[in-house]
Amino acid sequence: MASTLAPAPLVPADQRTPTDPVRDLSPRVSLRETVSQTLAMAWRATKKMRRNPEQFFDVTVQPLLFTAMFAYIFGGAISGDVASYLPIVIPGVLAQTALTACMATGVQLREDMDKGVFDRFKSLPIARIAPLAGPMVADLLRYATAAVLTVAVGLAMGFRPGGGFLGTLAGIALTVVAGWSLAWIFTWLGTVARTAQSVQGISMMIMFPLTFLSNAFVPTSTLPGWLEAFVRVNPVSHVVSAVRDLMNDGQVTGEVGWALLGCAIVVAVFAPLAVRSYSRKM
Amino acid sequence: MKPGGVRLGDMDDTTALPLPARHPDRAGPAVSAHGLVKTFGGLRAVDGIDLEVRRGEVFGVLGPNGAGKTTMLRMLATLLPIDGGRAEIFGVDVASRAHEVRQLVGVTGQYASVDENLTARENLRLFGRLQGLPSRRAKATATELLGSFGLEEAADRTIAQFSGGMRRRLDLAASLITRPPLIFLDEPTTGLDPRTRGQMWDTIRALVADGCTVLLTTQYLDEADQLADRIAVIDHGRTVAEGTPDELKSSVGTTTLQLRLTDRDRVDDAADVVRRLLGEEPVRTPESGGLNVALADADRAGDVLIALREAELSVASVSVAKPTLDEVFLALTGRPTDADAETDASDDTPRDRPDHPTQEAS
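Just so it is clear, the structure is predicted and the values come from calculations on it, not from any experiment. (Residues numbered from 1 in each chain as written. Chains lettered and ligands numbered in written order. Predicted model: local features only at pLDDT ≥ 70, side-chain atom pairs only at ≥ 80, totals over all residues.)

1. Thoughts on the overall build of chain B
Cut-off, in case you're wondering: Runs of E in the DSSP output that reach at least two residues are strands. Runs of H or I that reach at least four are helices, and both are numbered from the N terminus. With C-beta atoms placed from the backbone, a residue counts as buried when 20 or more other C-beta atoms lie within 10 Å of its own, as exposed when 12 or fewer do, and as partly exposed for counts between those limits. Placing C-beta atoms from the backbone, we regard two residues as in contact once those atoms come within 7 Å.
If you tally the helices and strands in chain B, you get 13 helices and 14 strands. Within chain B, buried positions represent 44% of all 362 residues. The long-range share in chain B, meaning contacts at least 24 apart out of those at least 6 apart in sequence, stands at 68%.

Structure (structure tokens):
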């Protein structure tokens, strides 16, 4: 190529007119800018999901598998028969799939952060929270998919929620909110851990006690006293109880309030922690 | 987000400062750094670098791998915290006003920092949206940049299918969305084939003609020579020389004569001959039997060969080349660029590599 062989000479320094650096610099990111940057990041995440549909594997297969599995295995032992166990186990599986889904949020964030594009995100004058919050907004889609599928499988197996359509919808909404809030724990983990594998490993150790040491699958009265005490304060128990109240009774009980409060506390603690360690990293 | 005072928008601490001037300095240098330091554990990757880049110029930072070039650039670009010293971009302090500095600098990294999962167009749209362009403007800017970087045809392919050169170009395009007055280019052509390299150089020249100030790092002397108005040579985190390309080159001669002797044991004799003839110390190459001789004038190559012939030193191969970074380094620092140079500096014997025993046999 001719241009390679005979490159255009550099314009002599005294003939250049430097770009005027004078521009209005804003001292910080406004809330409005933060929201629009977060939405731009969410747009990026949905594009990514469309190109890697296997990201939906955990939120499609797991609800199908676990709902059926738990219902048929534990149904007879715990509630006498499968049909009467469904109102107990469906909210439990909902909470469990939401937790698994938000665990993946942390793992994927960690993977993403190793890529060169995160360098650019850091060098841009954008809110430090946007690269973290963006994927989490997009992940609302995943939580919703998981919740709707779980309920659908339940309905197919004979689950007839007493709370009716609105109660069921409210239960699904609460699951999505809880998933989104708890995801901040895993997002924070994603910003502190060294590798995606370690995020996965640590997340597993958090997720299993949280789901199984709760009232998700068994009535708490069967547990020894010390364990019952833990189960009572476990936020997952509150979410499960709240979802049960909404779906089975159609009632907005105190449990719903506790669940929402728990979620708010988790976000208030872990979102700033995550942003802090993200902006310090590297 | 959560109410209650935690400013999630930007955790960089700008609140404690006196009210910052809304405009950067109109007349001062584009970049000014004093005594920059970065330590990683015990290693001082950047060890007190001073730097001043004038507005509108192309400033080249030349140095071998691990000299601290990238670390320095990352500190100036707010990607790494500064451990010591001060830096200002158009008079705006880098450490305390990172958010404002980010509005003034476009960064193009050594490894293309674009999103592999998106197409070229989507990448540019995303970066435009993130920097506050309205949706339609972001689209238009993306199309415009794709055109001027010759990427229209590949615009809707994902980056995973891009060649190295295309990625670099897209990366540079992404840095130009808001037309920042200062561009950092970290080894813009490392790993590119010569043709793509030439295209990249042309693109950088066009940027400069447009009035951008450019700070670039490179391992290649010819790249710095082609592009930069002024060059700083850095090694082990320190500046070892600074000047125009001509000044640097005159310190190492314009041409290098590369010799390899048939009889490897007579390298010292050959070095003596060269020293007597030219009054300069030749450089021994890492493989035994090799000598590099800096020449102020390519015509002197013949004189050297004749002198060797007269001394009955037989030459296995001869070539004439432009000075390499190694020679610039030797001329400037008195030792080669290798990391193990200190231990070998006093040792005059040609260095055989103990980790490559096969080389000795050959």
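2. Focus: the environment of Glu122 of chain B
Mapped onto the secondary structure, Glu122 of chain B falls in helix α3 (residues 120-130). Sequence-wise, Glu122 of chain B and Gly243 of chain B are 121 residues apart; in three dimensions their C-alpha atoms are separated by 41 Å.

3. Re the packing of helix α6 (residues 130-156) of chain A against helix α7 (residues 164-192) of chain A
Residue and element names in this part refer to chain A. In plain terms, the rule: Here, axes are lines fitted to C-alpha atoms. For helices the fit covers the stretch in contact, and angles between N-to-C directions go from 0 to 180 degrees. An angle counts as roughly parallel when it lies under 35 degrees, as roughly antiparallel when it exceeds 145, as roughly perpendicular when it falls between 65 and 115, and as oblique in every other case. Working rule for handedness: look at the near helix, and if it is turned counterclockwise from the far one by less than a right angle, call the crossing left-handed; if clockwise, right-handed. Residues are grouped as follows: Ala, Val, Leu, Ile, Met, Phe, Trp, Tyr, Cys and Pro are nonpolar; Asp, Glu, Lys and Arg are charged; all remaining types, including Gly, are polar.
It is at 9 Å that the axes of α6 and α7 come closest, and there the two elements cross at 140°. The angle between the axes of α6 and α7 places the two elements in the oblique class. Read as a crossing pair, α6 and α7 show a hand that is right-handed. Contact residues: α6 offers Leu132, Met136, Asp139, Leu140, Tyr143, Ala144, Ala147, Val148 and Val151, while α7 offers Thr168, Ile172, Thr175, Val176, Gly179, Trp180, Ala183 and Thr187. Its residues assigned to classes, the contact of α6 with α7 comprises 12 nonpolar, 4 polar and 1 charged.

4. Focus: helix α2 (residues 31-51) of chain A
The following threshold applies: By this rule, a helix spans an expected 1.5 Å times one less than how many residues it contains.
When the terminal C-alpha atoms of α2 of chain A are compared, their 31 Å separation across 21 residues agrees well with the 30 Å that a helix rising 1.5 Å per residue should span. Among all positions in α2 of chain A, only Glu33, Thr34, Gln37, Thr38, Ala40, Met41, Ala42, Arg44 and Ala45 of chain A are buried. On the buried face of α2 of chain A, the contacting elements are α6 of chain A together with α3 of chain B.

5. Concerning the packing of α7 of chain A against helix α11 (residues 254-280) of chain A
All names here are of chain A. One can describe the packing of α7 onto α11 by two numbers: an axis separation of 8 Å at closest approach and a directional angle of 25°. The angle between α7 and α11 falls in the class roughly parallel. Read as a crossing pair, α7 and α11 show a hand that is left-handed. For the pair α7 and α11, the contacting residues are Leu174, Val177, Ala178, Ser181, Leu182, Trp184, Ile185, Thr187, Trp188, Thr191 and Val192 in the first and Val256, Ala259, Cys263, Val266, Val267, Phe270, Ala271, Leu273, Ala274, Ser277 and Tyr278 in the second. Along the lines of polarity and charge, the residues of the contact of α7 with α11 split into 18 nonpolar, 4 polar and no charged.

6. A look at the domain arrangement of chain B
What counts, and what does not: Bear in mind that the domain bounds are from an automatic or database domain assignment.
Its domain assignment divides chain B into domain 1 (31-244) and domain 2 (255-321). Using only C-alpha atoms to locate each centre, domain 1 of chain B and domain 2 of chain B end up separated by 40 Å.

7. Notes on the sheet that holds strand β8 (residues 213-218) of chain B
The pairing of strands in a sheet comes from backbone hydrogen bonds and takes either a parallel or an antiparallel form. Residue and element names in this part refer to chain B. Definition in use: Note on pairing: DSSP must find at least two bridges between two strands before they are called paired.
Taken in spatial order, the 6 strands make up an open sheet running β6-β7-β8-β3-β9-β10, and their pairing is mixed. Each edge of the open sheet is held by one strand with a lone partner, namely β6 (105-108) and β10 (238-243). Within the sheet, the average angular offset between the axes of one strand and its neighbour, ignoring direction, is 15°. This element, helix α1 (residues 69-76), spans β3 (58-62), β7 (182-186), β8 and β9 (230-235) of the sheet and lies at about 150° to β7. Of the strands in this sheet, β6 and β7 touch helix α5 (residues 164-175), which is tilted by about 170° from β6.

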